[in-house]
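Structural description and commentary
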Amino acid sequence: MKLFYIVLALILASLNLRPPITSISPLMSTIQNDLGLSGMTASLLTTLPVLCMGIFAPFSVRLSRRWGNEGAIVLALILIGIGTGLRLFVGATPLMMFTSFLSGVGIALAGPLLSSFIKQYFPNRVAAMVGIYSTAMVMGASISVGLSVPLQQTLGGSWRGSLATWALLAAIALPIWLKLAWSARTERQSGQTSAVVHAPLPVKNRRAWVLTLFFGLMAAIFYSLTAWLAPAIQSHGYSQETAGNIQTLFTLISLPSTLFIPMLVHRYQRRVFWLVGCAMLELTGVLMLNLSVSPWLAAIPLGIGAGGLFPIALMLPIDETNNAQEASSWSAMTQSGGYILGALGPLAIGWLRDLTGSFVQAFYGLAIIIVLQIIVQLAIGNKKSLKVSQEQS
């Protein structure tokens, strides 16, 4: 199978993993007014898919065992495409929540599967491929954030049409993955590749729980910013379009760190330096927003920090395992527990916003989460755990 084709499939699948969530933020005020949602209820549009990503991630291991990584990713893309496309027909809150649920299930399955896919096809290039994988995700987020409001305007003010447009990404990726899944299935049946071996979730491994906690705190911060950065900026008197542009800057700024930081971590093996450094940048950005520094400037440290932490969180379970099956199990556990914890972030910000009538107190709460994240990062340390298989058994 040609390397270019496999990398293209990885990029196209990764592009689908954020638009169902990130496209909502620039349109949040419009959606709230149209559907009559409170801040806490509106936060569920982001919280629900993230929560689904936590609850359903472990099922990816079972699907991979039955259909292989490639076939299971096909199913994930179908769920994402249907969930996103249904937003065109939203007339009430329950259907809108259902679209977030369906998309969240698809994203939940795809995340650990793509990590296992990288370990399977690129065991000696994990850092580079995680960089490509996470960069494609950030690109999908950037494009969806930047184009959500222009698409709404182009489509006659229809936020539904704007949100549903992102189903096209799944439609583009599916033919590539169907071909890849068919080729992989043929190779397994002919004995050219070994059968998929089961690797249990590492629930008895203390190291896995530390990585899970880190992933959860990272996700809580990331998705809180994804859901509420643009509305918080609007609360400072900026227009919807300007707030969307600043959030686009936030995601674009994260692209270089998303691509290069995992490679730097792999090369220099100073994980604590990169982990804590990125977290400090996030803390700086949040405090800048609360101290009324220009949000254009605050978006820069926020983007660099968040952009660097996400690929490291993806890389850690892959890096500390011995094969694709263990990588899938560790990724499923860290993403499952991590996303469940992370889902509380946007919900808490929405609740504090409703309670206080201001984003300032809510974002100080976010600063506290970042400090907790730094403590966990120090516990991760610079050294990798050894003999994962023996510890699991």
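Residues numbered from 1 in each chain as written. Predicted model: local features only at pLDDT ≥ 70, side-chain atom pairs only at ≥ 80, totals over all residues. Heavy atoms only, no water.

A few words on the confidence of the model for the chain. In low-pLDDT regions, the fine details of the predicted coordinates are not to be read closely. Taken residue by residue, the chain gives an average pLDDT of 86. The fraction at 70 or more is 94%. The secondary-structure element of the chain with the lowest mean pLDDT is helix 17 (residues 388-392), recorded at 43, while helix 8 (residues 159-164) shows the highest, at 95. For the stretch residues 386-393, pLDDT sits under 50, and the model shows 13 contacts to residues farther than four places along the chain or on other chains. (pLDDT = per-residue confidence, 0-100. Helix = DSSP H or I, 4+ residues; strand = E, 2+ residues; numbered from the N terminus. Contact = heavy atoms within 4.5 Å.)

With that settled, the discussion passes to empty space enclosed by the protein. If a probe the size of a water molecule is rolled over the atoms, the empty space left behind becomes visible. For the coordinates displayed, the defined rule picks out six cavities of 30 Å³ or more. Roughly 70 Å³ of internal volume is contained in the largest cavity. Around the largest cavity, the lining residues are Leu 229, Ala 232, Ile 233, His 236, Leu 289, Asn 290, Phe 359, Val 360 and Phe 363. Within the residue set of the lining of the largest cavity, elements represented by two or more residues are helix 10 (206-234), helix 12 (271-290) and helix 16 (359-380). (1 Å grid on protein atoms, 1.4 Å probe; cavity = no way out; pocket = protein on both sides within 12 Å on 5 of 7 lines; lining within 4 Å. Points joined across faces, edges and corners; volume = space filled by probe spheres on them.)

A pair can form between side chains of opposite charge whenever their charged atoms are brought close. Tallied over the entire structure, the rule returns one salt bridge. Note that Arg 160 is salt-bridged to Asp 34, the shortest N-O span being 3.3 Å. Residue Arg 160 is found in helix 8, and its partner Asp 34 is found in helix 3 (residues 28-35); the two are separated by 126 residues along the sequence. (Salt bridge = Lys/Arg side-chain N within 4 Å of Asp/Glu carboxyl O.)

A word on the environment of Tyr 121. Within the secondary structure, Tyr 121 sits in helix 6 (residues 93-121). When its relative accessible area of 24% is taken as the criterion, Tyr 121 is described as partly exposed. As a C-alpha pair, Tyr 121 and Leu 347 span 226 residues in sequence and 37 Å in three-dimensional space. In this view, Tyr 121 contacts Ile 6 and Glu 70; residues no more than four positions away in its chain are not counted. For Tyr 121, the side chain forms a polar contact with the side chain of Glu 70, separated by 2.6 Å. (Buried < 20%, exposed > 50% of the residue type's maximum accessible area, 1.4 Å probe, protein only. Polar contact = N/O pair within 3.5 Å; in protein donor to acceptor, adjacent residues only side chain to side chain.)

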